[in-house]
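# Observations on the model geometry
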Amino acid sequence: MIIMGDNTMKENHEHENVEKFVRRLTELRQQRNVSARDMSLSLGQNESYINKIENQRSMPSLFGFFCICEYFGITPKEFFDYETESPAISNALSDEIRRLDYSESMHILEVVRDINKRRK
């Protein structure tokens, strides 16, 4: 019985991870305003590739996952950072901020902090 309980817990945890993966993939795809079909074809796959993943009928291989991350312009770590809504935009902002001098960077930081305070 303990083994079955452990297996059930493991299966539930795996199912939750699959759901998170699918939700993240769907969110990132929708942020780019691209259809599952177009994304599939852009990845060099058949037209139903992303649809099958989003409907939990299949999962990408490790190489396929890396290709998906590359398509979004993010790292695998950023893909699984569920707290960052749009990692590609965060990366672009970070790249632009690096070009600013100290004073300009502090101004941007103050603006962002002000926005976040208003959201609470």
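Anything mentioned here points back to the structure above.
Attention in this report is confined to the structure presented alongside it. Please read these numbers as outputs of a predicted model, since none were measured by experiment.

### Quick word on the overall build of the protein chain
Summing up its helical and strand segments, the protein chain has seven helices and zero strands in all. Secondary structure elements in the protein chain, listed N-terminal to C-terminal, are α-α-α-α-α-α-α. Here the C-alpha atoms of the protein chain give a radius of gyration of 19 Å, more than 25% beyond the 14 Å that 2.2 N^0.38 yields for 120 residues. In terms of overall dimensions, the protein chain has C-alpha extents of about 60 × 40 × 25 Å along its principal axes. Residue burial in the protein chain is summarised as follows: out of 120 residues, 23% are buried. Contacts spanning at least 24 positions in sequence make up 51% of the contacts within the protein chain whose residues lie at least 6 apart.

### Remarks on the layout of surface pockets
Considered as a void within the structure, the largest pocket measures approximately 230 Å³ in volume. The element best represented in the lining of the largest pocket is helix α7 (residues 102–119), accounting for four residues. Of the residues belonging to the lining of the largest pocket, the class tally is four nonpolar, three polar and two charged.

### Observations concerning the environment of Ser90
In this structure, Ser90 sits in helix α6 (residues 87–98). The exposure class of Ser90 is partly exposed, given its relative accessible area of 34%. With 56 residues separating them in the primary sequence, Ser90 and Val34 have C-alpha atoms 20 Å apart.

### With respect to the pattern of salt bridges
According to the stated counting rule, one finds six salt bridges in the structure shown. One salt bridge in this structure joins Glu54 and Arg29, with 2.7 Å as the shortest N-O distance. In this pair, Glu54 sits in helix α3 (residues 49–54) while Arg29 sits in helix α1 (residues 2–31), placing the two residues 25 residues apart along the sequence. Each of the two residues, Glu54 as well as Arg29, counts as buried. With a closest N to O distance of 2.6 Å, Arg98 and Asp95 form a salt bridge. Taken together, the positions of Arg98 and Asp95, both in helix α6 and three residues apart, correspond to about one turn of that helix. Judged by relative accessible area, Arg98 falls into the exposed class, the value being 60%. Judged by relative accessible area, which is 40%, Asp95 ranks as partly exposed.

Rules and cut-offs
Residues numbered from 1 in each chain as written. Predicted model: local features only at pLDDT ≥ 70, side-chain atom pairs only at ≥ 80, totals over all residues. Heavy atoms only, no water. Helix = DSSP H or I, 4+ residues; strand = E, 2+ residues; numbered from the N terminus. Rg over C-alpha atoms; globule rule 2.2 N^0.38 Å. Buried < 20%, exposed > 50% of the residue type's maximum accessible area, 1.4 Å probe, protein only. Contact = heavy atoms within 4.5 Å. 1 Å grid on protein atoms, 1.4 Å probe; cavity = no way out; pocket = protein on both sides within 12 Å on 5 of 7 lines; lining within 4 Å. Points joined across faces, edges and corners; volume = space filled by probe spheres on them. Nonpolar A, V, L, I, M, F, W, Y, C, P; charged D, E, K, R; others polar. Salt bridge = Lys/Arg side-chain N within 4 Å of Asp/Glu carboxyl O.

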